[in-house]
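Residues per chain are reported as follows:
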Amino acid sequence: MGITMGYVTHLECSATGEKFDPNTVHNLSPAGKPLLVRYDLERMRAELDRDAQTLGPDGLWSYAALLPVDDPAHRVSLGEIATPLLPLPRTGARLNAARLWTKDEGRLPTGSFKARGMALAVSMAKRFGLTRLAIPTNGNAGAAMAAYGRAAGMEVFVFCPEETPDVNVREIALQGAKVWRVNGQIDQCGAIVRDGKERMGWFDVSTLKEPYRIEGKKTMGLELAEQLGWNVPDAILYPTGGGTGLIGMWKAFDELEALGWIGPKRPKMIAVQATGCAPIVRAWQEGTEHATRWENAATVASGIRVPQAVGDFLILRAVRDSGGFAIAVDDDAIMAAQADAARDDGVLLGPEGAATLAAWRAAVGNGQLDPKAHTVLFNCGTPLKYPMPPVSRSLNLDAIDWDAIASA
Ligand SMILES: *Cc1c(COP(=O)(O)O)cnc(C)c1O
């Protein structure tokens, strides 16, 4: 292995355990599986003080010692604040729950937690001198990559499935990326990125196909543990597409335990998908290690419309090892959950976040989850990029209809 600054020792194939030099550029391992960043946790344990790593105004960079970007000069940042944990008291009380929370990732730059992954991936791309990046996206990953890539002065190519919300395609373009709609799903857009690699000379930043987005998403687990006083909740419900965040948080908890910053307790990791695209749920029910592609994927929760995930076995492993489960909810339940949390608690969840609330309700209803459990729902993006139900009320200034206002 080459010389590294910081605590990174090597990259490791998540399937075979084979080790790789962290000082060179990597995509998937030769086995075609994601690479994970490994650290000298023993040395970290001896040298790092938990109480000196606390969240500050630098957000996720407060944990820089636990991340692979060694030289601050390589950091590409757009202000990755720590995201709030918000209580959902009335929403929870409907099912006799008192400790239901949402971690609102929609506050991050570009309006989603994709900013965490891209802050790390683009910073590492800068460290390696890469100047041209490409990605398939359902919207938010492309928006984040456009923003971070341009912040680093890089060229950014983005490929979106036809049904990607218009606002995402527009924000990607406005943020200086070259963006195309493609008549297919996200995995088929991923094939364009893969096939264009040689001709275009771009670096493939697809979910889990480079090692660093997962390190950025890992900071959700670090941040959550710190916000809970270096503890973990009983259950985490995660809207699962490619699964980077679920895998990243699971990795975070292992590293935190190795550092002695948290104990052995783990939350149940609950993978939430939509009934219109639920490959992980199907694989969990069938007890298989890998998930087969979901045909004709369709759901309003576009962030989790991922028919096939390269890290499927890592998602399933974390779910199983945690004693969690995978569960699917339909679009009607998602929209009803969104409306209820907004009206009852003033918290507007995105459809993906609302899917976790719908799943929590279903799981409490069928006895899979204890309503008394301390539960965190991940709201991974701002709802403001999605169409909302129309409003038809209006007033005429020449004849204000007070009866209509009073009876509204
Ligand atoms: C990308 C995305 C997800 C899914 O995240 P993964 O870590 O890829 O599973 C969920 N919600 C929103 C809003 C997203 O943008």
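Here the structure is shown first, and the text comes after it.
Attention here is on the structure that accompanies the text.

Cut-off values and rules
- Per chain, residue numbering runs from 1 following the sequence as it is written.
- It should be noted that, the model being predicted, local features are given only for residues of pLDDT at least 70 and side-chain atom pairs only at 80 or more, the latter also being counted only at that level, while totals for whole chains, interfaces and linings use all residues.
- To get the side-chain values, take all heavy atoms of the structure and skip hydrogens and water.
- Each helix is a run of DSSP H or I of at least 4 residues and each strand a run of E of at least 2, with the numbering of both proceeding from the N terminus.
- For the radius of gyration, the atoms used are the C-alpha atoms, and the globule rule reads 2.2 Å times the number of residues raised to 0.38.
- Think of it in three bands: residues with accessible area under 20% of the maximum for their type are buried, residues over 50% are exposed, and the middle band is partly exposed, with areas taken using a 1.4 Å probe on protein chains only.
- We call two residues in contact whenever any of their non-hydrogen atoms come within 4.5 Å of each other.
- Using a 1.4 Å probe, accessible areas were evaluated by the Shrake-Rupley method; residue-level cover was limited to the displayed protein chains.
- The definition used for a disulfide is geometric: two cysteine sulfur atoms within 2.5 Å.
- Put simply, a residue is near a molecule or strand once any heavy atom of it comes within 4 Å of that molecule or strand.
- Polar contacts, as counted here, are pairs of nitrogen or oxygen atoms within 3.5 Å of one another; within protein the pair requires one atom able to donate a hydrogen and one able to accept it, and residues that are adjacent in sequence qualify only if both atoms are side-chain atoms.
- Just so you know the grouping, Ala, Val, Leu, Ile, Met, Phe, Trp, Tyr, Cys and Pro go in nonpolar, Asp, Glu, Lys and Arg go in charged, and all remaining residues, Gly too, go in polar.
- A pair of strands is considered paired only if DSSP assigns at least 2 bridges between the two.
- Note on method: axes are straight lines fitted to C-alpha atoms, helices fitted across the in-contact stretch only, with angles between N-to-C directions ranging 0 to 180 degrees.
- Cavity: a set of points on a 1 Å grid over the protein atoms alone where a 1.4 Å probe fits but cannot get out. Pocket: an open set with protein on both sides within 12 Å along at least five of seven lines, its lining residues, like those of a cavity, having an atom within 4 Å of a point.
- Grid points are joined across faces, edges and corners, and a volume is the space filled by probe spheres set on the points.
- We count a salt bridge whenever a side-chain nitrogen from Lys or Arg sits within 4 Å of a carboxyl oxygen from Asp or Glu.
- What sets the label is the angle itself: under 35 degrees gives roughly parallel, over 145 gives roughly antiparallel, 65 to 115 gives roughly perpendicular, and the rest give oblique.
- By convention, the crossing between two helices is left-handed when the near helix turns anticlockwise from the far helix through less than a right angle, and right-handed when the turn is clockwise.
- Pairs were defined over the aromatic rings of Phe, Tyr and Trp, the Trp ring being its six-membered one, requiring ring centres within 6.5 Å. Orientation was assigned from the angle between planes: stacked under 30 degrees, edge-to-face over 60, tilted for the rest.
- Lysine NZ or arginine CZ positioned within 6 Å of the ring centre and within 35 degrees of the ring normal marks a charge as sitting over the ring.

1. So, the overall build of the protein chain
Step number 1: Across its full length, the protein chain holds 14 helices and 13 strands.
Step number 2: Whereas a compact globule of 408 residues would reach a radius of gyration of roughly 22 Å, the protein chain reaches 21 Å, a difference of no more than 12%.
Step number 3: Each of the three principal axes of the protein chain carries a C-alpha extent, and together these read 75 × 45 × 45 Å.
Step number 4: A burial count over the protein chain gives 56% of its 408 residues as buried.
Step number 5: Restricting to contacts in the protein chain with at least 6 residues of sequence separation, those with at least 24 account for 69%.
Step number 6: Surface summary for the protein chain: the accessible area is close to 16500 Å², and the carbon and sulfur share equals 51%.

2. Comments concerning the state of the cysteines
Step number 1: As enumerated under the stated definition, the model contains 0 disulfides in all.
Step number 2: Free of any disulfide, C160 has its nearest neighbouring cysteine sulfur in C189, separated by 6.9 Å.

3. A short note on the site of the ligand
Step number 1: Every one of the 17 residues lining the ligand counts as a neighbour, but K114, N140, Y238, G241 and G243 are closest to it.
Step number 2: In this structure, an oxygen atom belonging to the ligand sits 3.0 Å away from a side-chain N or O atom of K217.
Step number 3: Residue G241 places a main-chain N or O atom 2.7 Å away from an oxygen atom belonging to the ligand.
Step number 4: Look at the ligand: alone it shows 380 Å² of surface, and the protein chains cover 97% of it.
Step number 5: For the shell around the ligand, the secondary-structure elements that each account for two or more residues are strand 10 (235-239) and helix 9 (244-258).
Step number 6: Taken together, the residues of the shell around the ligand sort by class into 5 nonpolar, 9 polar and 3 charged.

4. Quick notes on the sheet that holds strand 4 (residues 85-87)
Step number 1: The mixed open sheet is built from 6 strands, whose spatial order is 4-5-13-10-11-12. Because the sheet does not close on itself, it has two edges, and the strands there are strand 4 and strand 12 (326-329). When the angles between neighbouring strand axes are averaged without regard to direction, this sheet yields 30°.
Step number 2: When strand 5 (residues 100-104) meets strand 13 (residues 375-379), the two strands line up parallel, connected through 5 bridges. Bridge pairing in strand 13 links W101 to V376.

5. With respect to the layout of surface pockets
Step number 1: What the largest pocket holds in volume is close to 620 Å³.
Step number 2: Together, 38 residues line the largest pocket, and I186, T207, G241, G242 and V306 are the ones closest to its centre.
Step number 3: Elements with a contribution of two residues or more to the lining of the largest pocket: helix 4 (140-151), helix 6 (186-195), helix 8 (213-227), strand 10 and helix 9.
Step number 4: Top contributing element to the lining of the largest pocket by residue count: helix 6, with 5 residues.
Step number 5: Here the lining of the largest pocket is built from residues that sort into 13 nonpolar, 18 polar and 7 charged.
Step number 6: Each pocket or cavity is described by its volume, and for the second largest pocket that value is around 340 Å³.

6. Digging into the sheet that holds strand 6 (residues 132-136)
Step number 1: Across the sheet, 4 strands lie side by side as 8-7-6-9; this open sheet has parallel pairing. Looking at the sheet topology across the chains shown, the edges are occupied by strand 8 (178-182) and strand 9 (203-204).
Step number 2: In this sheet, strand 9 lies alongside strand 6 in parallel orientation, the contact comprising 2 bridges. Bridge pairing links L133 to F203 in strand 9.
Step number 3: Where helix 4 meets the sheet, it contacts strand 6 and strand 7 (155-161), and its direction lies at approximately 175° from that of strand 7.

7. A word on the pattern of salt bridges
Step number 1: The final tally for this structure, using the stated rule, is 29 salt bridges.
Step number 2: Across the pair R90 and D345 runs a salt bridge whose closest N-O atoms are separated by 3.5 Å. Remark: D345 occurs in helix 12 (residues 331-345) and R90 occurs in helix 2 (residues 89-93); sequence separation between them is 255 residues.
Step number 3: On the basis of relative accessibility, which here comes to 55%, the residue R90 falls in the exposed class.
Step number 4: Here K103 makes a salt bridge to E223, at a shortest N to O gap of 2.7 Å. One end of the pair, K103, is in strand 5; the other, E223, is in helix 8, with 120 residues separating them in the sequence. Neither residue differs from the other here; K103 and E223 are each classed as buried.
Step number 5: Three or more residues joined by partner-sharing salt bridges are found here, namely R94, D340, R343, D344 and R361.

8. Overview of the packing of helix 8 against helix 9
Step number 1: Close contact between helix 8 and helix 9 brings their axes to 7 Å; oriented N to C, the two are set at 60°. Classed by the angle they form, the pair helix 8 and helix 9 counts as oblique. You can see that helix 8 and helix 9 cross each other, and the crossing is right-handed. Where helix 8 approaches helix 9, its residues R213, I214, E215, K217, K218, M220, G221, L222 and A225 are matched on the opposing element by T244, G245, I247, G248, M249, K251, A252, F253, E255 and L256.

9. Side note on the packing of aromatic side chains
Step number 1: Per the stated rule, a full pass over the model turns up 8 aromatic pairs.
Step number 2: Relative to W261, the ring of W230 lies with its centre 5.5 Å away and its plane at 75°, an arrangement referred to as edge-to-face. A residue pair is termed long-range when its members are at least 10 positions apart, and W230 in the loop between helix 8 and strand 10 and W261 in the loop between helix 9 and strand 11 (268-274) qualify at 31 residues.
Step number 3: Site record: aromatic cluster; members linked through ring pairs are F157, F159, W180 and W202.
Step number 4: Sitting above the plane of the F113 ring, K217 keeps its charged end 3.7 Å from the centroid.
Step number 5: Between the NZ or CZ atom of R266 and the centre of the ring of W250, over which it lies, the distance is 6.0 Å.

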